[in-house]
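# Notes for the structure review
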Amino acid sequence: MGSAAQPANTRKRTYAILVALVLGVVSGLAVHSFLPAYVHDAEQIASLLTGLFLRLIRMVIAPLVFATLVSGIGKLGDDTLVLRVGGRVLLWFICMSFLSLIIGLVAANVLRPGAGFSAPLPADISSLKHPFQPIDFILHIVPTSILDSMARNDILQIVVFSVLFGLSLPAAGKAGKTMLAWSEELSHIMLRMTDMVMVLAPLAVFGSIMGSLAHSGIDMLIQFGRFLLEFYSTIMAQWVVLTGLAFCVLGLRLKPLIKNLVQPVLLGFSTASSESAYPLLLEKLEESGVPARIAGFVLPLGYSFNLDGSIMFQSFGAIFIAQAYGIHLPWSQQILMVLVMMLSSKGIAGVPRASLVTLVAVLPQFGLPESGIALILGIDHFLDMARTATNVLGNGYAAAVSAKWEGVLSDGPAEDTIQG
């Protein structure tokens, strides 16, 4: 029942965001051109709408990270097969995630998508600047109180606690199973709550675009177009890299796999929803020779830990925001940010607009204002379409690679068998 309603809800939300985008463009340009006396009022309205949305996002971060990460790690179990297949594919996920972050980082430094935005810095930017020292950073990773970490939305500390908590569940026997079930239920509740928050996304989109264009006029619109072009170019480069690495493992078997992945990738792109593409992706993987047991295990894990498009956007978006505000981040701090994102992105993958949620949590740790999200919000749906298509492609490759490693990748449609 829920899965049938999901595509319809996704379409409605897509239309609402597109309508809000158009209204924001028209309203912002009208205020800038014909009502210059009301520019300040327009910016105040924009600040209210985007600020409310950001507060609601921050509200769900801590319980969402905890619940999704604990349930994801807890479900790995301690069965030998699960450990073998899961361990190998998690290693693939980590390598692909790190590579995706580096691609985003390098592309943003080369293309400089934030140059020319000249966004005004928030008044409280000085309170965000606390440069990291190596020893302080290592000590900072471990929370002295998880309640304090959650109250401050310190995502890195929450991730560390959640990972240790999830790894401890199998050793706790019956109590661990109870806690795993509880964390799964909490995860579902928080996902629904996040979905409710996303209902306000069109208002935030309208406010963000309207306020930006009221202040900057048509120049800002041109900048957004350039940003989209540069982001899509980076996505294409990422596809080439991912496909090249998959070829190294799969060889000539990659060609029929790519043909079968076209439909789920297009579905993910058009709906901007990885979930909507899941059943079709599972079906096409089985047609490509991946056993159902492998695909059925790898894909849910991938939806939690292997969203290549979303994680690439983390580094690309953060550097874009730094450039837009004229904030210089030395390479040492950029690499450190990549490592933090590597961990934090594993906590809220699969959440609607997961990239924005993670960015909101990570930006302040590196002296970048959360309000920079408002610069992206207006065009995020178009960014999310490309991110989702990349996520679907990356998980399709991961399932086939895992089957190849297990020696069960067949030439035709797969039989549901696996070597023990």
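## Points about the overall build of the protein chain
Along its length, the protein chain carries 17 helices and zero strands. By residue count, 53% of the 420 residues in the protein chain fall in the buried class. If you take every contact in the protein chain between residues at least 6 apart in sequence, the share linking residues at least 24 apart comes to 85%. A total accessible area of about 18300 Å² is found for the protein chain, and carbon and sulfur atoms account for 69% of it.

## Quick look at a nonpolar patch on the surface
Together, Phe98, Trp331, Ile335 and Leu339 line one region of the surface with nonpolar side chains, adding up to about 390 Å² of accessible area. Looking at the nonpolar patch, the element that brings in the most residues is helix α14 (residues 331-344), giving three residues. Position of isoleucine 335 among the secondary structure elements: in helix α14. The exposure class assigned to isoleucine 335 is partly exposed, which follows from its relative accessible area of 38%.

## Observations regarding the side chain of asparagine 391
Along the chain, asparagine 391 falls in helix α17 (residues 380-406). Polar contacts involving the side chain of asparagine 391 include one to the main-chain amide nitrogen of glycine 309, which spans 2.8 Å.

## A word on the packing of helix α8 (residues 201-216) against helix α9 (residues 218-250)
Running from N to C, α8 and α9 point in directions that differ by 125°, and their axes come no closer than 6 Å. With respect to their mutual orientation, α8 and α9 come out oblique. Residues Ile209, Ser212, Leu213 and Ser216 of α8 touch α9, and the partners they reach there are Ile218, Asp219, Met220, Leu221 and Phe224. Residues that form the contact of α8 with α9 fall into these classes: six nonpolar, two polar and one charged.

## Focus: the pattern of salt bridges
One pass over the structure, following the stated rule, counts five salt bridges. Sharing partners across several salt bridges, the network here consists of Asp380, Asp384 and Arg387.

## A short note on the packing of aromatic side chains
The final tally for this structure, using the stated rule, is 10 aromatic pairs. Look at phenylalanine 66 and phenylalanine 165: their rings are 5.3 Å apart centre to centre, the planes differ by 65°, and that puts the pair in the edge-to-face class. Here phenylalanine 165 lies in helix α6 (residues 155-168) and phenylalanine 66 lies in helix α2 (residues 39-74), a separation of 99 residues in the sequence. By relative accessible area, which is 9% here, phenylalanine 66 ends up buried.

## Notes on the environment of leucine 49
Considering the arrangement of structural elements, one finds leucine 49 in helix α2. For leucine 49 and leucine 203, which are 154 residues apart along the polypeptide, the C-alpha to C-alpha distance reads 6.4 Å. In contact with leucine 49, other than residues within four places in its own chain, are Leu203, Ala204, Phe206 and Gly207.

## Regarding the side chain of asparagine 395
For asparagine 395, the position within the fold is in helix α17. Using a relative accessible area of 0% as the deciding quantity, one classes asparagine 395 as buried. Setting aside residues up to four positions removed in sequence, asparagine 395 forms contacts with Phe93, Leu299, Gly302, Tyr303, Asn306 and Leu307.

## Topic: α17
With 27 residues, α17 should reach 39 Å at 1.5 Å per residue; the first-to-last C-alpha distance of 38 Å fits that figure. In terms of burial, α17 is a largely internal element, 24 of the 27 residues being buried. In the stretch just after α17, glycine 407 is the one whose phi turns positive, near 75°.

## Re the nonpolar core
Counting residues in each nonpolar core, the largest one holds 112 residues, and the members touching the most others are Leu285, Val290, Met337 and Ile373. Considering each element in turn, this core owes the most residues, 13 residues, to α2. Other than its neighbours up to four places away in sequence, methionine 337 contacts Ala318, Ile319, Leu329, Val362, Phe366 and Leu368. Among the nonpolar cores identified, the runner-up in size contains five residues, and Val31, Ala42, Met210 and Ala214 belong to it.

## A look at the environment of leucine 393
Looking at the element boundaries, leucine 393 is found in helix α17. Taking relative accessible area as the criterion, leucine 393 reaches 6% and is therefore assigned buried. As for leucine 393 and valine 265, which are separated by 128 residues in sequence, their C-alpha atoms are 6.2 Å apart. If near-sequence neighbours (up to four positions away) are discounted, leucine 393 is found in contact with Trp239, Leu261 and Val265.

## Things to note about helix α7 (residues 173-198)
With 26 residues, α7 ought to run about 38 Å at 1.5 Å a step, and its terminal C-alpha atoms sit 37 Å apart, in line with that. Here α7 has its buried residues at Gly176, Leu180, Ser183, Leu186, Ser187, Met190, Thr194, Asp195, Val197 and Met198.

What counts, and where the lines are drawn
- Residues numbered from 1 in each chain as written.
- Predicted model: local features only at pLDDT ≥ 70, side-chain atom pairs only at ≥ 80, totals over all residues.
- Heavy atoms only, no water.
- Helix = DSSP H or I, 4+ residues; strand = E, 2+ residues; numbered from the N terminus.
- Buried < 20%, exposed > 50% of the residue type's maximum accessible area, 1.4 Å probe, protein only.
- Contact = heavy atoms within 4.5 Å.
- Areas by Shrake-Rupley, 256 points an atom, 1.4 Å probe, with all protein chains shown as cover.
- Patch = residues over 30% accessible without salt bridge, like charges linked within 9 Å, V, L, I, M, F, W, Y side chains within 5 Å.
- Salt bridge = Lys/Arg side-chain N within 4 Å of Asp/Glu carboxyl O.
- Polar contact = N/O pair within 3.5 Å; in protein donor to acceptor, adjacent residues only side chain to side chain.
- Axes fitted to C-alpha atoms, helices over the stretch in contact; angles between N-to-C directions.
- Parallel < 35°, antiparallel > 145°, perpendicular 65-115°, else oblique.
- Nonpolar A, V, L, I, M, F, W, Y, C, P; charged D, E, K, R; others polar.
- Phe/Tyr/Trp six-rings, centres within 6.5 Å; stacked < 30°, edge-to-face > 60°.
- Expected span 1.5 Å × (residues − 1).
- Core = buried A, V, L, I, M, F, W, Y, C linked by side-chain atoms within 4.5 Å.

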